[in-house]
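Breakdown of the fold
The chain contents come next:
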Amino acid sequence: VDGDAIDISFIRKVLPKIGDHISADLVKALDSWKEMNLEQKRSAHELCVNQLINLRNVSRANKEFPTADMIRDLLIETGITLEDGPSGTTWRHTR
């Protein structure tokens, strides 16, 4: 991912709904985004996406489909495609 294209602001859209489920590392990443170098931004971006996917998977397992769908739709909106398979969920950038 190009440094200018890395953006984790999308997670702020869902924070009111998932705030209790995010890690301290993710909160730190959101708070210090502007000061990060490219490698740190890539790492934080991956952390954000993976935490959202984990939350989506937990939501699906608990039959909380509106939450799972919201997370999937948010990721799609930001250019991330999810692929559910026998070994779990993978993701890739589509933009």
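In case you missed it, the structure is sitting above this.
Report on the accompanying structure. (Residues numbered from 1 in each chain as written. Predicted model: local features only at pLDDT ≥ 70, side-chain atom pairs only at ≥ 80, totals over all residues. Heavy atoms only, no water.)

1. Quick look at the nonpolar core
Formed by Val-49, Leu-52, Ile-53, Leu-55, Ile-71, Leu-75, Ile-80 and Leu-82, the largest nonpolar core amounts to 8 residues. Listing elements by their share of this core, those giving two or more residues are helix H3 (38-61), helix H4 (65-77) and strand S1 (80-85). Looking at this core, the element that brings in the most residues is H3, giving 4 residues. (Core = buried A, V, L, I, M, F, W, Y, C linked by side-chain atoms within 4.5 Å. Buried < 20%, exposed > 50% of the residue type's maximum accessible area, 1.4 Å probe, protein only. Helix = DSSP H or I, 4+ residues; strand = E, 2+ residues; numbered from the N terminus.)

2. What about the pairing of S1?
Of the strand pairs in this sheet, S1 and strand S2 (residues 88-93) are connected by 6 bridges, and their pairing is antiparallel. Note that in S2 the partner of Thr-81 across the bridge is Arg-92. Adjacent in sequence and paired antiparallel, S1 and S2 are bridged by 2 residues. (Pairing = 2+ DSSP bridges.)

3. As for the side chain of Arg-56
Tracing the chain through its elements places Arg-56 in helix H3. Take Arg-56: its relative accessible area is 6%, and that puts it in the buried class. The residues touching Arg-56, leaving out its near neighbours within four places in the chain, are Ala-68, Ile-71, Arg-72, Leu-82, Asp-84 and Thr-89. (Contact = heavy atoms within 4.5 Å.)

Purely geometric stuff here, so don't read any function into it on its own.
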